[in-house]
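# Reading the structure
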Amino acid sequence: MQKRQRQQQTAQAEENRFPLRRPRCGGDRPGPRPGHRPRHGTRQRPGQPAGQPLHPRLSGGTSRALGETTQKAQGKNPQRSDMEELRMGALLSVSKGSRQPAKLIVLEYKGGDAKAKPVVLVGKGLTFDAGGISLKPAAGMDEMKYDMCGGASVLGLMQMAAELALPMNLVGLVPATENLPGGNANKPGDIVTSMAGITIEILNTDAEGRLILCDTLTYAERYNPELVVDMATLTGACIVALGRQPSGLMGNDDALCDELLKAGDEAGDRAWRMPIWDEYQEQLKSNFADVANIGGPDGGSITAACFLSRFAKKFRWAHLDIAGTAWKTGADKGATGRPVPLIAQFLLNRAK
C-alpha cells in the first residue's frame, strides 16, 4: 500500500511539474473540460511487462483505439509484407532475432485544412531491447522495457491532439519491434540496405534504434511534411553528456529547434541543443557500406543524430534524445512521460 501511495504521489508531482499552457479553443473546437486530465498511457504503457503495452503483435489495437476517439483520426498498420515491398531493410533487420514480426504503427489526425502539410511525430518503439548479439549487461536490463518511451509519447500526443481538437494535421509514426539475440539476428559486420537505398554496416547490434528510425524517417517523406520531430531513448552517451535533467536536441533547422527549446522552457520540460556539424560525419565512415551504424566512443549522441540526419534531408527535422529523461531508475523507477509536455506545448503554440 505504501509503495502504491508513493507511486501515486510521484505521478502527481510529475503532473504538477509539467503544466501545459493551453490556448483558448473557439468555435466548434472545444477545450478540455475543467479539471480534466486525460490519461494517455504515456507513463503506464512502458511500465508494464516487456512487450505487452506496445507489443508488435498487438499494435493494431492502438490504431483502432485512436480512431474511436474522433472521426478525424485513423490508423494504419503496414504488415511485414508491406514493409518488405517498401524495402525497409534496416527496420526489418532489427526484428530478425525475435519471434514477433516488426510493425509500423501509422496514425493520422486531420484537424486542419485538407491542403495543409502535416506535422509528423516519430517515436522509437523498441518494446524490449536486449542489445541483440551485442548483448547488454544483465544489470539494469529489466529497464529496457522503457526503450519504447518515444513510441508511447507519440501515441499519447496523438490522442491529446484528438481530444483537444487541435486545428492542425498530424501524423504519428511508431516503428515497433524487439531487439533480441537469436540464430537469425543481425550480427556485427552485417550490411543492410535501408528504404532510402543507403547501405549500413552494423558494427554494433545494440545501436538498433537508429536503424528502425531511419526507415521511418524515409517513410515520412510520403506525407510531404511541414516538419518532422522524432523522439527516442537513443543513446546512453546523452546521459553522460547532459545527465537526466534536459533532453538532448539536435536538428537541421534553427527556427524549429528554437521553437522546441521555447516550448520546453514554457512546459518545464527542458531540452539542450547539441551540434551535428559535418565534421562529425567522418566518424560514421565504413569501408564496406555507405555508412556505419556507430561512430565510436566520442560524441555518441551526436553521431547517432548525424546518422539520422542523412535520412532527413528532404524536410525540416529535429531529434530529441530522451535516454536520460524518459524514465527514472532506482526506488522511483518508472516512466516520466517526457517529452510529452514539451511536444504538447510545441503543438499548442503552433495551434494558436
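### As for the overall build of the protein
Counting secondary structure elements, the protein contains 11 helices and 14 strands. Burial analysis of the protein (352 residues in total) assigns 56% to the buried set. For the protein, the share of sequence-separated contacts (at least 6 apart) that also reach a separation of at least 24 residues comes to 79%. About 15,400 Å² of surface is accessible on the protein, with carbon and sulfur atoms providing 48% of the total.

### Side note on the packing of aromatic side chains
Scanning the entire structure with this criterion turns up four aromatic pairs. Geometrically, the ring pair formed by Tyr146 and Trp327 is stacked, given 5.6 Å between the ring centres and 15° between the ring planes. You can see Tyr146 sitting in the loop between strand S4 (125-129) and helix H6 (149-163) and its partner Trp327 sitting in strand S13 (residues 327-328), a full 181 residues away along the chain.

### Overview of the packing of helix H9 (residues 254-267) against helix H11 (residues 340-351)
Interaxial distance between H9 and H11 falls to 8 Å at its minimum, and their mutual angle equals 110°. Here H9 is positioned roughly perpendicular relative to H11, judged by the angle of their axes. Pair H9 / H11 crosses with right-handed handedness. Note on element contacts: H11 touches H9 through Pro341, Leu342, Ile343, Gln345, Phe346, Asn349 and Arg350, opposite Leu256, Glu259, Leu260, Lys262, Ala263, Gly264, Glu266 and Ala267. For the contact of H9 with H11, the per-class residue count stands at eight nonpolar, three polar and four charged.

### Section: the nonpolar core
Of all hydrophobic cores here, the largest spans 48 residues; its most connected members are Leu166, Ile343 and Leu347. Counting only elements with at least two residues in this core, the list comes to strand S2 (103-110), strand S3 (119-123), H6, strand S5 (169-179), strand S8 (227-232), H9, strand S12 (317-321) and H11. Core analysis: the next-biggest nonpolar cluster, separate from the first, contains 46 residues, Val94, Tyr223, Leu242 and Leu308 among them.

### Quick notes on the sheet that holds strand S11 (residues 291-292)
Taken in spatial order, the three strands make up an open sheet running S6-S7-S11, and their pairing is mixed. The open sheet has two free edges, formed respectively by strand S6 (191-193) and S11, since each of these has just one partner strand. Where strand S7 (residues 199-201) meets S11, two bridges bridge the pair, whose relative direction is parallel. Pairing of Ile200 across the sheet is with Val291, part of S11.

### A look at the confidence of the model for the protein
Looking at the protein as a whole, its pLDDT mean stands at 87, while 80% of the residues score no less than 70. Ignoring residues within four places in sequence, the model shows residues 17-39, a span with pLDDT below 50, making 39 contacts including any to other chains.

### Observations concerning unusual backbone geometry
Look at the link from Arg338 to Pro339: it is a cis peptide, with omega at 10°. At Arg87, a residue that is not glycine, the phi angle is positive and equals roughly 65°. A residue is classified by how much of its surface remains accessible, and Arg87, at 66% relative accessible area, is exposed. For Asn224, which is not glycine, the phi torsion reads 45° and is therefore positive. Positionally, Asn224 belongs in the loop between helix H7 (209-220) and S8.

### Focus on helix H10 (residues 300-309)
Since the α-helix packs 3.6 residues into each turn, any two residues three or four apart lie on the same face. Buried residues dominate H10, accounting for 10 of its 10 residues. Of the residues making up H10, those classed as buried are Gly300, Ser301, Ile302, Thr303, Ala304, Ala305, Cys306, Phe307, Leu308 and Ser309.

What counts, and where the lines are drawn
The written sequence of each chain sets the order in which its residues are numbered from 1. pLDDT decides what is reported in this predicted model: residues at 70 or higher carry local features, side-chain atom pairs at 80 or more are listed and counted, and totals for whole chains, interfaces and linings draw on all residues regardless. Computation of side-chain values: all heavy atoms of the structure, hydrogens and water removed. Comment: elements are numbered from the N terminus, with helices defined as DSSP H or I runs of at least four residues and strands as E runs of at least two. Throughout this description, buried means an accessible area under 20% of the type-specific maximum (1.4 Å probe, protein chains only), exposed means over 50%, and partly exposed covers the range between. Residues count as neighbours in contact if any of their non-hydrogen atoms are within 4.5 Å of one another. Exposure was quantified through the Shrake-Rupley algorithm and a 1.4 Å probe, taking into account, for residues, occlusion by the shown protein chains and nothing else. Any two of the Phe, Tyr and Trp rings considered here, Trp counted by its six-membered ring, make a pair once their centres fall within 6.5 Å; the pair's planes then place it as stacked at under 30 degrees, edge-to-face at over 60, or tilted in between. Note on definitions: angles span 0 to 180 degrees between N-to-C directions of axes, and those axes are lines fitted to C-alpha atoms, for helices only across the stretch in contact. Here the word oblique covers every angle except those under 35 degrees (roughly parallel), over 145 (roughly antiparallel) and from 65 to 115 (roughly perpendicular). Handedness of a helix crossing follows the sense of rotation of the near helix relative to the far helix, less than a right angle counterclockwise being left-handed and clockwise being right-handed. Gly is placed with the polar residues, together with every amino acid not listed as nonpolar (Ala, Val, Leu, Ile, Met, Phe, Trp, Tyr, Cys and Pro) or charged (Asp, Glu, Lys and Arg). Nine residue types can take part in a nonpolar core, namely buried Ala, Val, Leu, Ile, Met, Phe, Trp, Tyr and Cys, and a core is a set of them joined through side-chain atoms within 4.5 Å. Note on pairing: DSSP must find at least two bridges between two strands before they are called paired. The score called pLDDT rates the predictor's confidence residue by residue, from a low of 0 to a high of 100.

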